[in-house]
Amino acid sequence: MHFAICTLFPEYFDSPLATGLLGRAVGDGVLTVERVNPRDFTEDNHRTVDDRPYGGGPGMVMLLDPVLKALDKVERNGGRGRTILLTPRGKPLSQDLTRELAGEERVTVICGRYEGMDARLGDLVDIEEVSVGDFVLSGGEAAACCLLEAVGRLLPGFMGHEGSGDEESFAHGLLEYPHYTRPEVVTDERGSELRVPEVLLSGDHRRIAEYRREKALATTWDRRPEMLSSAPLTQQDVESIRKHRAESPKPARGRNLHLVLAHYPVLNKEGQEVAVSLTNLDIHDIGRVSRSYGLGGFYLSTPLEDQRRLAATLLNHWTGGAGAVANPDRSEALSGVGVVESIEDALHRVRERTGRDPLVYVTSARIAPEKRRGGKRKRTEEPETVTIPQVAQALDARPVVLLLGTGSGLAPGVVRAADAVVRPVRPFTDYNHLSVRSATSILVDRILGDTD
Ligand SMILES: C[S@@+](CC[C@H](N)C(=O)[O-])C[C@H]1O[C@@H](n2cnc3c(N)ncnc32)[C@H](O)[C@@H]1O
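Residues numbered from 1 in each chain as written. Predicted model: local features only at pLDDT ≥ 70, side-chain atom pairs only at ≥ 80, totals over all residues. Heavy atoms only, no water.

The name that an unreviewed UniProt entry assigns to the protein chain is tRNA (guanine-N(1)-)-methyltransferase, with the source organism given as Oceanidesulfovibrio indonesiensis. Here is the UniProt Catalytic activity (unreviewed entry) comment for the protein chain, exactly as written: "guanosine(37) in tRNA + S-adenosyl-L-methionine = N(1)-methylguanosine(37) in tRNA + S-adenosyl-L-homocysteine + H(+)". Reading the Subunit (unreviewed entry) entry of the UniProt record for the protein chain gives the comment "Homodimer." (UniProt positions renumbered as here; feature names shortened; annotations may be inferred.)

Right, dumping it as structure tokens:
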């Protein structure tokens, strides 16, 4: 495979291309690398490769002409092949992408410097923009080394023994299992022995493979749970993760999340503050969500006595009456539903349960009208908007109540008294009027997902 690197610092690569497995691969011809310097294609005395950005601002921008000429040279030398511009604005470099690139005969990598390239490069040359992570380097050279090494080690002949790439992290959508080598026992500073897991000494290849799969799944669950949503999993894998989750000392965030469905004070269509009646579907659907996601509690609040009686009748039917016998799953979900007179009563119950004052986050279909930055909020102002990751993070430290409004939404006084408004679901479309039970399901799933 042939790599061309377009860089203002060709010497940067002297050591990486001469060291370790990459050095050997270059020596053996598994990989050939050509370096081109845009500075060699400048025509002025200062050999200028950058200029000030239009529109002002700090830093300099790389000139198009020297880079285009450097790329032309690569083209004449045998072709550019797939051409990659390294930039933090690019798509993330992944194991899938490195595998794709390892299948190419020629790849050209352009390293930026300063504030990066003139944006028109992409209009003039067919390039893919790639980033090596959500951080900013001073130049693309370190990023190019990552790409070269990650692609190179997938080439036949690179690693000496084929197949090691198949076992590694990301190869099957999981992080890799842990490794051990000699000695069999090491002693820590308190004198405790740290032994290599017995199964790895057993010589039983089936048990070793099972152990490694379990460890890969558990490590992925603990460190990069989001990877599990796209990893291919068998039923046995699912059981293994379930077992690991049950044994994990890490408390599930969902235990700190509480739902309060308020039927007063809410707005009607005319904008008046009213109490609205219960909706049977809300009770069933939100009750099941609460149970499925392992939430701390789900409370219905209504000041209307007949509505509370109605709720009690419904809940009794499903939790103690004929319904419980016919449908035990539903009984399990509905037995966690509490009926209270007011939002304050619900908050009191959460305080009793957790021993702490909960943060109250209200939900709404619209973005809060004003944005506050720091300082104390006036009583007349709406609270700040929080995003889903902020809600998830808050759950690590405090109980949180997600306050859900019925009717045409929570009364303004309730919103103003809250700690924050959660950014609505589907804010970027012209219609996002979901039922409260749908919005609740979506919000809870986005906050906790499958890996809480
Ligand atoms: C200082 S950076 C420019 C950052 C740019 N102004 C921005 O904010 O997106 C200079 C060069 O380093 C390289 N670079 C920096 N961070 C990178 C990353 N995370 N992935 C790939 N290349 C990166 C790019 O080639 C970039 O043009």
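For the rest of this paragraph, the subject is the sheet that holds strand S17 (residues 400-405). The parallel open sheet is built from 7 strands, whose spatial order is S14-S13-S10-S17-S15-S18-S16. What marks the edges here is a single partner per strand, and that holds for strand S14 (337-340) and strand S16 (385-386). Against the sheet, helix H16 (residues 436-448) touches strand S10 (257-262), strand S15 (359-363), S17 and strand S18 (420-422), its axis set at about 165° to S10. (Pairing = 2+ DSSP bridges. Helix = DSSP H or I, 4+ residues; strand = E, 2+ residues; numbered from the N terminus. Contact = heavy atoms within 4.5 Å. Axes fitted to C-alpha atoms, helices over the stretch in contact; angles between N-to-C directions.)

Around the ligand, the structure places 20 residues, and the nearest of them are Leu 86, Gly 112, Glu 115, Phe 135 and Leu 137. Measuring from a nitrogen atom of the ligand, one finds a backbone N or O atom of Phe 135 at 2.8 Å. Contacts to the ligand include Gly 140, whose backbone N or O atom sits 3.4 Å from an oxygen atom. Isolated, the ligand exposes 580 Å² of accessible area, and the fraction of that covered by the protein chains is 85%. Mapped onto the shell around the ligand, the elements with two or more residues apiece are strand S5 (82-92), strand S7 (128-131) and helix H5 (140-152). (Near = heavy atom within 4 Å. Polar contact = N/O pair within 3.5 Å; in protein donor to acceptor, adjacent residues only side chain to side chain. Areas by Shrake-Rupley, 256 points an atom, 1.4 Å probe, with all protein chains shown as cover.)

Further remarks concern the sheet that holds strand S2 (residues 32-36). In space, the 5 strands of this open sheet follow the order S2-S1-S6-S5-S7, with parallel pairing throughout. Looking at the sheet topology across the chains shown, the edges are occupied by S2 and S7. The average undirected angle you get between the axes of adjacent strands in this sheet is 30°. In this fold helix H3 (residues 95-102) packs onto S5, strand S6 (106-111) and S7, with an angle of close to 170° to the strand it touches most, S5.

So, about the pairing of S2. Of the strand pairs in this sheet, strand S1 (residues 2-6) and S2 are connected by 5 bridges, and their pairing is parallel. If you follow His 2 over to S2, its bridge partner there is Thr 32. With respect to chirality, the unit in which S1 leads through helix H1 (residues 20-28) into the neighbouring parallel S2 is right-handed. (Right-handed = clockwise from strand over helix to strand, strands pointing away.)

Accessible area lost upon the coming together of the parts serves often as the stated size of an interface. Taken as a whole, the protein chain is organised into domain 1 (2-167), domain 2 (169-186 + 196-250) and domain 3 (253-448). Just the C-alpha atoms count here: the centres of domain 2 and domain 3 sit 38 Å apart. (Domains from an automatic or database assignment.)

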